[in-house]
Amino acid sequence: MQNRRHFLRMSAIAAASLAVPSLLPACTSPKNKQSKSTMKLSWTPYDLQLNHTFTISGFSRKTTPVVLTKIEYDGLEGYGEASLPPYLGETQESVIEFLRKVDLSGFNPSRDIEEIMAYLDETADANTAAKAAIDIALHDLAGKIEGMPWYKIRGMDKYNVPDTTFTIGIDTDEVVREKTREALGRFNILKVKVGGPDDKRMIEAIRSETDLPLAVDANQGWKDRQQALDMIFWLKEQGIVMVEQPMPKGDLDNIARLTEESPLPIFADESIQRLADVERLKGVFSGINIKLMKCTGMLEAWKMRNFAYSLGMKVMIGCMTETSCAISAASQLYAGMDFADLDGALLIGNDCFDGAKLENGKIIPNDQPGIGVKPIQELAFGR
Ligand code: MG
């Protein structure tokens with residue numbers, strides 16, 4: 001309850017202090033107000049097959065479970081997704097259990113997104129990916145009701161976005177070089193997972209193939225501040241441009257000192273989940289990594305972006321391994337951000353949605369309304 005009150009207070013602060021324009025400025029069409037339709041939520045579990053076994057500091061995996069959602073309303077369909085890498089703590093079973101509790105009858109999809117998300121937070125404390133699956137489907141639906149993609153509703157230029165990184169996991173020199181070659185000509189920046197047994201060797205293996213700028217993500221893998229700082233100075237000489245989550249998520253005093261002394265910007269990932277976490281990270285990190293699956297979706301991601309910028313922090317958008325559904329949702333709101341890591345759908349072999357695409361190293365949404373996705377295979381949505 002304490003968390004809930006804190007969250008509501010933070011939401012109010014963010015909305016008031018930032019003068020966020022009406023959240024859904026365009027979603028007020030008379031045809032929608034007159035509708036007697038009721039939203040119908042359905043879902044289907046789906047397993048993503050990764051192209052390569054993926055190793056980060058801590059563990060390896062070859063698949064990622066997801067739950068896809070659909071909300072039907074007034075002859076339209078909105079799609080959403082919960083991606084569930086094991087470290088997030090949610091499973092297909094826990095997501096479906098949460099979705100079964102949700103009753104969207106009585107809500108209006110375009111007018112009530114803010115209220116619906118507050119209702120979901122009252123329904124359960126955690127389940128952020130399950131909540132994101134509803135938030136994304138609602139945004140898709142609301143955009144379709146208006147006949148506009150969300151980047152247009154937010155008044156953004158869809159091409160004014162940072163290059164997406166392409167992620168290379170901790171691996172043998174041979175595999176690292178192979179993955180680097182795979183990325184050349186398609187991406188303008190790579191992201192290297194470090195915090196393993198021999199980070200310098202990994203970087204040198206990549207540098208034997210390319211001079212592209214690199215981001216590194218230590219996933220909390222460096223335990224000693226001086227060691228982390230020495231590493232960061234070495235990385236800067238190798239053309240690295242930013243560092244994600246260098247040290248354990250709760251070690252904020254050491255991270256704050258590291259950020260102060262670091263020649264590279266330091267971004268929070270594991271240290272941040274939701275809007276309520278942003279303020280305490282000011283002065284600790286240079287910026288934050290916003291992920292839809294951790295922050296409950298597009299509505300809160302948008303508030304986090306605005307609040308972080310108002311605090312003078314940098315902002316990046318990240319993802320899990322996801323289909324083009326959740327990636328397309330993220331692509332609708334990252335114009336103007338500092339960095340992007342939206343390669344999730346490019347790392348899987350069985351993407352079941354058509355949506356935002358890689359163009360000249362950037363993930364660009366299409367001009368279809370909502371989040372701009374459509375299923376490319378039969379999906380067995382049910383309850
Ligand atoms: Mg990360």
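This text goes with the structure placed above it.
Below you will find a few notes about this structure. (Residues numbered from 1 in each chain as written. Predicted model: local features only at pLDDT ≥ 70, side-chain atom pairs only at ≥ 80, totals over all residues. Heavy atoms only, no water.)

**Re the pattern of salt bridges**
Step number 1: Throughout the structure, instances matching the rule amount to 24 salt bridges.
Step number 2: With a closest N to O distance of 2.5 Å, Arg 201 and Asp 173 form a salt bridge. One end of the pair, Arg 201, is in helix H8 (residues 199-207); the other, Asp 173, is in helix H7 (residues 173-183), with 28 residues separating them in the sequence.
Step number 3: Taking the relative accessible area as the measure of exposure, Arg 201 reaches 33% and is therefore partly exposed.
Step number 4: For Asp 173, a relative accessible area of 24% puts it in the partly exposed group.
Step number 5: One salt bridge connects Asp 217 with Lys 193, and the closest N-O pair in it is separated by 2.9 Å. Placement of Asp 217 in strand S6 (residues 214-217) and of Lys 193 in strand S5 (residues 189-193) is noted, with a sequence separation of 24 residues between them.
Step number 6: Since its relative accessible area comes to 7%, Lys 193 is described here as buried.
Step number 7: Put simply, Lys 191, Lys 193, Asp 217, Glu 244 and Asp 341 are held in one network by salt bridges that share partners. (Salt bridge = Lys/Arg side-chain N within 4 Å of Asp/Glu carboxyl O. Helix = DSSP H or I, 4+ residues; strand = E, 2+ residues; numbered from the N terminus. Buried < 20%, exposed > 50% of the residue type's maximum accessible area, 1.4 Å probe, protein only.)

**Some remarks on unusual backbone geometry**
Step number 1: Even without a glycine there, the phi angle at Thr 296 is positive, about 80°.
Step number 2: Note on placement: Thr 296 falls in the loop between helix H12 (292-295) and helix H13 (298-310).
Step number 3: The exposure class of Thr 296 is buried, given its relative accessible area of 3%.
Step number 4: Despite not being glycine, Asn 360 shows a phi value in the positive range, around 50°.
Step number 5: Relative to the elements of secondary structure, Asn 360 occurs in the loop between strand S13 (357-359) and strand S14 (362-364).

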